[in-house]
Amino acid sequence: MVNNLLKITLVLLMSNSYAVTTISPLQFGAIGDGIADDTQSLQKAFQQCSDYGYICNIPPGYNFLIKKALFVWGAAQIQGSGGSIVFDVPEVESPYLINVGINAQAKNNKDFSNIKP
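To keep things clear, this report deals only with the structure shown in the data block. (Residues numbered from 1 in each chain as written. Predicted model: local features only at pLDDT ≥ 70, side-chain atom pairs only at ≥ 80, totals over all residues. Heavy atoms only, no water.)

## Considering the sheet that holds strand β3 (residues 55–58)
In step 1: Strand order across the open sheet formed by 3 strands is β1-β3-β6, with parallel pairing between neighbours. Each edge of the open sheet is held by one strand with a lone partner, namely β1 (22–23) and β6 (77–80).
In step 2: With 2 bridges joining them, β1 and β3 adopt parallel strand pairing. Looking across to β3, one finds that I23 is bridged to C56.
In step 3: Where helix α2 (residues 39–52) meets the sheet, its contacts fall on β1, β3 and β6, and the angle it forms with β3 comes to roughly 150°. (Pairing = 2+ DSSP bridges. Helix = DSSP H or I, 4+ residues; strand = E, 2+ residues; numbered from the N terminus. Contact = heavy atoms within 4.5 Å. Axes fitted to C-alpha atoms, helices over the stretch in contact; angles between N-to-C directions.)

## What to know about the pairing of β3
In step 1: Burial of the side chains of β3 extends over both faces: I55 and N57 are buried on one face and C56 and I58 on the other.
In step 2: Bridge count for β3 against β6 is 4 bridges, and the pairing is parallel. Within the sheet, the bridge partner assigned to I58 lies in β6 and is G80. (Buried < 20%, exposed > 50% of the residue type's maximum accessible area, 1.4 Å probe, protein only.)

## A few points about the nonpolar core
In step 1: Within the largest apolar cluster, 12 residues are counted, these being I23, A30, L42, A45, F46, C49, C56, I58, F64, I66, L70 and V72.
In step 2: Where this core is concerned, the elements lending two or more residues are α2, β3, β4 (63–66) and β5 (70–73).
In step 3: In terms of residues, this core owes the most to one element, α2, which gives 4 residues.
In step 4: Residue contacts for I66: discarding those within four places in its chain leaves D37, D38, T39, L42, I85, V86, F87, D88 and V89. (Core = buried A, V, L, I, M, F, W, Y, C linked by side-chain atoms within 4.5 Å.)

## Description of the sheet that holds strand β2 (residues 33–37)
In step 1: The strand order β2-β4-β7 describes an open sheet built from 3 strands, whose pairing is parallel. Strands with a single pairing partner mark the edges of an open sheet, and in this sheet they are β2 and β7 (84–87). Shown here is a sheet whose adjacent strand axes are inclined to one another by a mean of 30°, direction ignored.
In step 2: The pairing of β2 with β4 spans 2 bridges and is parallel. Note on β4: the bridge partner recorded for D33 is N63.
In step 3: Its contacts with the sheet put α2 on β2, β4 and β7, and the angle it makes with β4 is roughly 100°.

Structure, rendered in structure tokens:
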């Protein structure tokens, strides 16, 4: 038993890898049918990823409808596996639909840090 634990520990140390939490917009109430507005749910998922360095996975078979600009920062990662994000934004408050930055400020220096998901 001790030998097995030692082997497992050594393998973990030698691989130099660590577990990263993966979340989905579905965990934050997104519907993903392409009809319901999933903006708030995606922003909540992006905020968790940004704050904690999680991966946000856009799952296959879902189409997330977004009606406002989204913000992501820090160590967040966004990955897709066959799903999509559809933007239907008539007027954008920000110069970009997905804003990536360190402190969530747009290029025009408008402060978006007070926006709550």
